Amino acid sequence: MGDTKSKKELVRRRPPRFELVAGALCLDFINTLDDRFSSQPKELLESYLDLARFGEDTGILEPAFADRLIETGYRSPSAAKVLTSAIEMREAMFAVFAAMVNRKPVPSAALQKLNGYMQAAAEHARLVQEKGEFEWRFDALPAGFDAPLWPIARSAGELLASDQLAFVRTCASNACQWFFLDTSKSHRRRWCDMTKCGNRAKVQRFYNRKKKDQ
Ligand SMILES: [Zn+2]
């Protein structure tokens, strides 16, 4: 699912709705609860349509498949159920990753939930050989509304079991705190996105310094 060509097509079709800065699918997914630590968190997955759009933006759903899910998922009770599961899965992921980042014990209930989603994903995963290399693919057809959940669950499992886990961070901006994977050479990246949070923080520091000087 989601080869390079279809990703390009999809960008041209309509502008992306989600800011994908995390560097890992599962972390971008955790960030769909924006302003998580504020008194008024902002839910970016308000309807199943948003979940399908997330799948399209991240390239885990072929555009035509995303369209079909959006058309049939509109006002469908089973699609609404999948959205509830997606949010449950996201919060389980958040609990596990947040515990790791903060060096706290991982809540076993969250890990158990996440494992349930990972097992469901594994049932739909298969290895495909392309140009001599293997890659994981997920059932395209006949797939139901829960298709976007599988690659996201797999992404979390892969990241948790990899040596990259040590480089999962939360953005240093208190107003943001988005999760991201620090792939920089020095592994000292502080912001989810330099242009977004990094610059804002720089401006703030400059402003504070000026205030002190006065
Ligand atoms: Zn940030």
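The numbers attached to residues start from 1 for each chain and follow its sequence in the written order. pLDDT decides what is reported in this predicted model: residues at 70 or higher carry local features, side-chain atom pairs at 80 or more are listed and counted, and totals for whole chains, interfaces and linings draw on all residues regardless. Water and hydrogen atoms play no part in the side-chain values, which are based on all heavy atoms of the structure.

A. Up close: the layout of surface pockets. Approximately 210 Å³ is the volume attributed to the second largest pocket. Lining the second largest pocket we find 13 residues, and of these Glu19, Asp34, Lys42, Leu44 and Trp178 sit closest to its centre. Gly is placed with the polar residues, together with every amino acid not listed as nonpolar (Ala, Val, Leu, Ile, Met, Phe, Trp, Tyr, Cys and Pro) or charged (Asp, Glu, Lys and Arg). Classifying every residue of the lining of the second largest pocket gives five nonpolar, no polar and eight charged. As defined here, a cavity is a set of points on a 1 Å grid over the protein atoms alone where a 1.4 Å probe fits but cannot get out. A pocket is an open set with protein on both sides within 12 Å along at least five of seven lines, and residues line them when an atom is within 4 Å of a point. Grid points are joined across faces, edges and corners, and a volume is the space filled by probe spheres set on the points.

B. Main features of the side chain of Arg36. Helix and strand definitions here come from DSSP, where helices need a minimum of 4 consecutive H or I residues and strands a minimum of 2 consecutive E residues; each element is numbered from the N-terminal end. Mapped onto the secondary structure, Arg36 falls in the loop between strand S1 (33–34) and strand S2 (42–43). Under the rule applied, a polar contact is a pair of N or O atoms within 3.5 Å (in protein, one hydrogen donor and one hydrogen acceptor; residues adjacent in sequence only if both atoms are side-chain atoms). Looking at Arg36, its side chain comes within polar contact range of the main-chain oxygen of Ile30, at 3.2 Å. In this analysis, two residues are considered to be in contact whenever any of their non-hydrogen atoms come within 4.5 Å of each other. Those residues within four positions of Arg36 in sequence are excluded, and the remaining contacts are Ile30, Pro41, Arg90, Glu91 and Phe94.

C. Looking closely at the nonpolar core. In terms of nonpolar packing, the biggest core is built from 58 residues, with Leu27, Phe29, Leu51, Met89, Met93, Phe97 and Leu114 touching the most fellow members. For this core, the element with the highest residue contribution is helix H5 (residues 77–101), accounting for 11 residues. The residues touching Phe97, leaving out its near neighbours within four places in the chain, are Cys26, Leu27, Ile30, Ala156, Leu159, Leu160, Leu165, Val168 and Phe179. Among buried residues, the Ala, Val, Leu, Ile, Met, Phe, Trp, Tyr and Cys ones that are joined through side-chain atoms within 4.5 Å form a nonpolar core. We call a residue buried when its accessible area falls under 20% of the maximum for its residue type, exposed when it is over 50%, and partly exposed in between, using a 1.4 Å probe and counting protein chains only.

D. Representation of a nonpolar patch on the surface in the model. A surface patch of nonpolar side chains, amounting to about 350 Å² of accessible area, comprises Leu127, Phe134 and Trp136. Relative to the elements of secondary structure, Trp136 occurs in strand S4 (residues 133–138). Exposure remark for Trp136: the relative accessible area of 40% places this residue in the partly exposed category. Without a salt bridge and with relative accessible area above 30%, a residue can belong to a patch; like charges are then joined within 9 Å and nonpolar side chains (Val, Leu, Ile, Met, Phe, Trp, Tyr) within 5 Å. Values of accessible area rely on a 1.4 Å probe in the Shrake-Rupley scheme; residue burial ignores everything except the protein chains shown. For this document, the term salt bridge refers to a Lys or Arg side-chain nitrogen within 4 Å of an Asp or Glu carboxyl oxygen.

E. Molecular detail of the environment of Thr170. Tracing the backbone shows Thr170 in strand S5 (residues 168–170). Between the C-alpha atoms of Thr170 and Leu27, which are 143 residues apart in sequence, the distance is 9.9 Å. Ignoring any residue separated from it by four or fewer positions in sequence, one finds Thr170 in contact with Val101, Gln177, Trp178, Phe179, Phe180 and Arg190.

F. Highlighting the packing of aromatic side chains. Two rings from Phe, Tyr or Trp (for Trp, the six-membered ring) form a pair when their centres sit within 6.5 Å of each other. Planes less than 30 degrees apart are called stacked, planes more than 60 degrees apart edge-to-face, and all others tilted. This structure, assessed with the given rule, holds five aromatic pairs. On the basis of an interplanar angle of 75° and a centroid distance of 5.3 Å, the ring pair of Tyr48 and Phe145 is categorised as edge-to-face. Remark: Phe145 occurs in the loop between S4 and helix H7 (149–160) and Tyr48 occurs in helix H3 (residues 48–58); sequence separation between them is 97 residues. Taken together, the aromatic side chains of Phe18, Phe29 and Phe54 make up a single cluster linked through ring pairs.

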